[in-house]
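# Architecture and fold: a report
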Amino acid sequence: MKVIVGLGNPGMKYALTRHNVGFWVIDLLSQHWGISISKEKWKAEVGEGVVNGEKVILIKPLTYMNLSGESVRPAMDWLKADLDDLCVIYDDLDMPPGKIRLRLKGSSGGHNGMKSIIQHLGTDQFKRLKVGIGRPTGRIPVPDYVLSHFNQDERITIDDAVDRSAKAMDRWLDSTFLEVMNVYNA
C-alpha cells in the first residue's frame, strides 16, 4: 500500500496559491491513475484505487495547512498503514521555484503543515517530497507570499515540478524510495 498525502488549504480562495502545490500533485496523480478523489473521511478528500497491482490512497487534508496532522494520523490509524508506506508532498520556501527534493525523513523545516503531522504521528521518520516555491523578495511577509499566486513565468516552472513530482510517485510504485531519490534528486 502507498498512502500519498498532498498538503494545501481547502477552497477556491486558495486553490491556485503557492501553499497548495501538494494538492496539485495529488490532483495530477488522480488524473493519471484514474483514481477519483470523491470520498470525504479523516477530515480529508480521499481517493482509493489500485495502480500496477499496488493499493494507493490519495489524501488532501481539509483541515487547513496548520492542522494537517489531524487528518493524516486518523487515516494512518484506520488504514493500519506502516509509516514506510507514507509520503507527504508539500511546498518548500527554502528551495528555488521548480526544484523538487525527496527525503526519507527530517524536521519540519519550519513548515506548519509538517509540524502538525510530525506532532500527531509522534515521529519525523516518514517520506516526503518537497516542491520549491522560493522565498519572497522585498518586504512581503511569508504568510502573504505562500498564499499568493505564481506569476506566469513561475507557473511554467511549477507546472513542470508538479509533473516531475507525479512521475516520481509513479516510479515509487515499482521502485524503492531510495532509487526514486537517486533519480529525482540528481
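Residues numbered from 1 in each chain as written. Predicted model: local features only at pLDDT ≥ 70, side-chain atom pairs only at ≥ 80, totals over all residues. Heavy atoms only, no water.

- The protein carries the name Peptidyl-tRNA hydrolase in an unreviewed UniProt entry, which gives Hazenella coriacea as its organism.

### Some points on the nonpolar core
- Of all hydrophobic cores here, the largest spans 37 residues; its most connected members are Ile4, Trp33, Leu58, Leu102, Leu129 and Met169.
- Mapped onto this core, the elements with two or more residues apiece are helix H1 (21-33), strand E4 (54-61), strand E5 (86-92), strand E6 (100-103), strand E7 (127-132), helix H4 (142-146), helix H5 (152-172) and helix H6 (177-184).
- Take this core: its biggest share by element is eight residues, from H1.
- Core analysis: the next-biggest nonpolar cluster, separate from the first, contains 22 residues, Val3, Met65, Tyr90 and Leu121 among them. (Core = buried A, V, L, I, M, F, W, Y, C linked by side-chain atoms within 4.5 Å. Buried < 20%, exposed > 50% of the residue type's maximum accessible area, 1.4 Å probe, protein only. Helix = DSSP H or I, 4+ residues; strand = E, 2+ residues; numbered from the N terminus.)

### Considerations on the pairing of E5
- Burial analysis of E5 places seven of its seven residues in the buried class, which makes it a mostly covered element.
- Inspection of the sheet shows strand E1 (residues 2-6) paired to E5 by four bridges, in the parallel sense. Directly across from Gly6, in E5, lies its bridge partner Ile89.
- Note: E5 against E7, six bridges, orientation parallel. In the sheet register, Val88 faces E7, and the bridge partner there is Arg128. (Pairing = 2+ DSSP bridges.)

### With respect to the UniProt feature "active site" (unreviewed entry) in the protein
- The sites that UniProt annotates as "active site" (unreviewed entry) are His19.
- Its location among the elements puts His19 in the loop between E1 and H1.
- Contacts of His19, omitting those with residues within four sequence positions, involve Leu7, Gly8, Asn9, Met65, Asp91, His111, Val146 and Leu147.
- Side chain to side chain, His19 and Asp91 meet in a polar contact 3.0 Å long. (UniProt positions renumbered as here; feature names shortened; annotations may be inferred. Contact = heavy atoms within 4.5 Å. Polar contact = N/O pair within 3.5 Å; in protein donor to acceptor, adjacent residues only side chain to side chain.)

### Let's talk about helix H2 (residues 69-79)
- Within H2, the full set of buried residues consists of Gly69, Ser71, Val72, Ala75, Met76 and Leu79. Buried residues of H2, viewed axially, fall in a sector of 160 degrees; they line one side.
- Contact partners of the buried residues in H2: E1, strand E3 (44-51), E4, E5 and helix H3 (112-121).
- Two residues or fewer after H2 comes Lys80, characterised by a positive phi angle close to 55 degrees. (Arc of directions from axis to C-beta.)

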